[in-house]
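# Structural overview
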Protein chains: 2
Amino acid sequence: MGVYEKDSNVSYTLGTTLTLELLIKKVDKARRVYIHSKQDNNDTLNRILDICKSNNIEVVYSDKLINKLSDKENCFIVGEFEKFDCEISYNENTICLVNPSNAGNLGTIIRTCAGFNIKNLVIIEPAVDIFNPKVVRASMGAIFNVNFKYFKSFDEYKKNTNNNMYPFMLKGSTSLSKIEKKEPYTLIFGNEATGLNDSYLEVGTPIKIMHSNNIDSLNLDNAASIAVYEFTKKDF
Amino acid sequence: MGVYEKDSNVSYTLGTTLTLELLIKKVDKARRVYIHSKQDNNDTLNRILDICKSNNIEVVYSDKLINKLSDKENCFIVGEFEKFDCEISYNENTICLVNPSNAGNLGTIIRTCAGFNIKNLVIIEPAVDIFNPKVVRASMGAIFNVNFKYFKSFDEYKKNTNNNMYPFMLKGSTSLSKIEKKEPYTLIFGNEATGLNDSYLEVGTPIKIMHSNNIDSLNLDNAASIAVYEFTKKDF
């Protein structure tokens, strides 16, 4: 993904709409906006330029830098922003991802969280870097709406919260559609390939999303989306 | 994705588990299995070799060909299979994707369909090629469990079926969680970027998955997964 480095203190929004989201939701973190000569002179561009001007954000016109930053065709605006820390609420509804490894999955789960008003995202290491531009892009900018925090272990997170714990496991005893949902809750999901290990059977109420045996499991972001939908649908 | 070509009459399963799925579910379409020298001599390999032997499927030991076929590291077994046509049932529950463009989304939707026993998948062109190895891989082999058929237009599909139609649209008037579900049904989803156009408001009962205005829409595969879960959960 272009020149992005995990250890750098900046990341990038690759695309026009995504960059506008950055400027609307986290303008204090925006450092620079790159514009390609092929970018149309349209309303979105004018909005971006206005926000940059009002906030003293540098605008750089450079096809070369855009091509370096993005490996995607048709990416004509890139935003550069400072990485940031968030505080999460330990007594509100939360999604906890244990060792997520896929950037696209993490991004779409963030989008789903934002869509269903789950504002807290806990990530247990080792895990994919949430500031990887692929995650930012897959989140469609929802990364700027959700509070996230990394922990070295699940126990390190667990000791801070009294939330009702619902680990999603193929060995779960209770069906998602029949579960009694107690708020505030933390919905816990394992790694794409390995799921949650058996120790999570002792953590709260293990849940299974019942499905046929035509498949071993659902894709992580689909499982998380189904779970979040079911837990939040009374609110919508 | 390696040397795959849309116009070719063969496609590939990139990976050991995926190739085993091919051999279990569509052995009559398997033409050849490529094995890399780094492949461990384990139970899965022995199962693959047994099936190849019983079915006279050629086994080719070649690191060079595997590297050519797969752009993924750690891919040590590749299956080559003939593309195939399916027949769908016009009076059973169906998912209809209008102009899907993303290979990963199509693959994970197929996986979800297989998981919730939706056996018919209708795809309206233009659309991503279902035999693209990225789709096959994202489906985790579920492509061999689902019947799919491409149509030039929605009308061409529609004239063959009396299914109850449920287009999923941001302009939908009824909430998914409150809808009365009449079988057999066809759940219809639009393109990732553009959704379904307004003409679908006249097709059956337009449904909306209610969410906050923090996001414009859900990711396509997440929306489809939530919908399929809600429509089928009484069966699980």
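Residues numbered from 1 in each chain as written. Chains lettered and ligands numbered in written order. Predicted model: local features only at pLDDT ≥ 70, side-chain atom pairs only at ≥ 80, totals over all residues. Heavy atoms only, no water.

What follows is about the sheet that holds strand β8 (residues 164-167) of chain B. All names here are of chain B. In space, the 5 strands of this open sheet follow the order β7-β6-β5-β10-β8, with parallel pairing throughout. Either end of the sheet is taken by a strand with one partner, and the two such strands are β7 (147-151) and β8. Across the sheet, the mean angle separating the axes of adjacent strands is 20° when strand polarity is ignored. Of the strand pairs in this sheet, strand β6 (residues 120-124) and β7 are connected by 5 bridges, and their pairing is parallel. (Pairing = 2+ DSSP bridges. Helix = DSSP H or I, 4+ residues; strand = E, 2+ residues; numbered from the N terminus. Axes fitted to C-alpha atoms, helices over the stretch in contact; angles between N-to-C directions.)

This part takes up the domain arrangement of chain A. Residues and elements named next belong to chain A. The domain architecture assigned to chain A consists of domain 1 (10-82) and domain 2 (94-235). When each unit is reduced to the centre of its C-alpha atoms, the spacing between domain 1 and domain 2 is 31 Å. Counting from both sides, the interface comprises 11 residues of domain 1 and, opposite them, 8 residues of domain 2. Surface buried jointly by domain 1 and domain 2 totals about 950 Å² across both partners, of which 71% is contributed by carbon and sulfur atoms. (Domains from an automatic or database assignment. Contact = heavy atoms within 4.5 Å. Buried area = accessible area lost by both parts, 1.4 Å probe.)

Let us now look at the layout of surface pockets. Residues and elements named next belong to chain B. Estimates place the volume of the second largest pocket at around 370 Å³. Forming the boundary of the second largest pocket are 17 residues, of which D85, D129, I130, F131 and Y150 lie nearest the centre. In terms of residue class, the lining of the second largest pocket is made up of 9 nonpolar, no polar and 8 charged. (1 Å grid on protein atoms, 1.4 Å probe; cavity = no way out; pocket = protein on both sides within 12 Å on 5 of 7 lines; lining within 4 Å. Points joined across faces, edges and corners; volume = space filled by probe spheres on them. Nonpolar A, V, L, I, M, F, W, Y, C, P; charged D, E, K, R; others polar.)

Residues and elements named next belong to chain B. If you walk across this open sheet you meet the 4 strands as β1-β4-β2-β3, and the pairing is mixed. Edge positions in the open sheet fall to β1 (10-14) and β3 (58-61), since each of these has one partner strand only. Taken over all neighbouring pairs, the strand axes of this sheet differ in orientation by 20° on average, direction set aside. Relative to the sheet, helix α1 (residues 16-25) contacts β1, β2 (30-35) and β4 (77-82), its axis offset from that of β4 by approximately 35°. Across the sheet, helix α2 (residues 43-54) touches β2, β3 and β4, and the angle it forms with β2 is around 145°.

So, on to the interface of chain A and chain B. Listed as interface residues are 30 residues of chain A and, on the opposing side, 30 residues of chain B. Here chain A meets chain B over a buried area of about 2,700 Å², counting both sides, of which 51% is carbon and sulfur. Looking only at chain A, the three residues that lose the most surface to chain B are R111, N214 and Y229 of chain A, adding up to 22% of its buried area. Put simply, chain A and chain B have 2 salt bridges between them. The shortest N-O distance in the salt bridge between E230 of chain B and K233 of chain A comes to 2.9 Å. In terms of residue class, the side of chain A that touches chain B is made up of 11 nonpolar, 13 polar and 6 charged. (Salt bridge = Lys/Arg side-chain N within 4 Å of Asp/Glu carboxyl O.)

Turning our eyes to something else, we now look at unusual backbone geometry. Of the consecutive residues E183 of chain A and P184 of chain A, the connecting peptide bond is found in the cis state with omega at -10°. Of note, the bond from E125 of chain B into P126 of chain B is cis; its omega dihedral lies within 30 degrees of zero at -5°. Position of P126 of chain B among the secondary structure elements: in the loop between β6 and α5 (133-138). At M140 of chain A, a position not held by glycine, the phi torsion is positive, near 55°. Among the structural elements, M140 of chain A can be located in the loop between α5 (133-138) and β7 (147-151).

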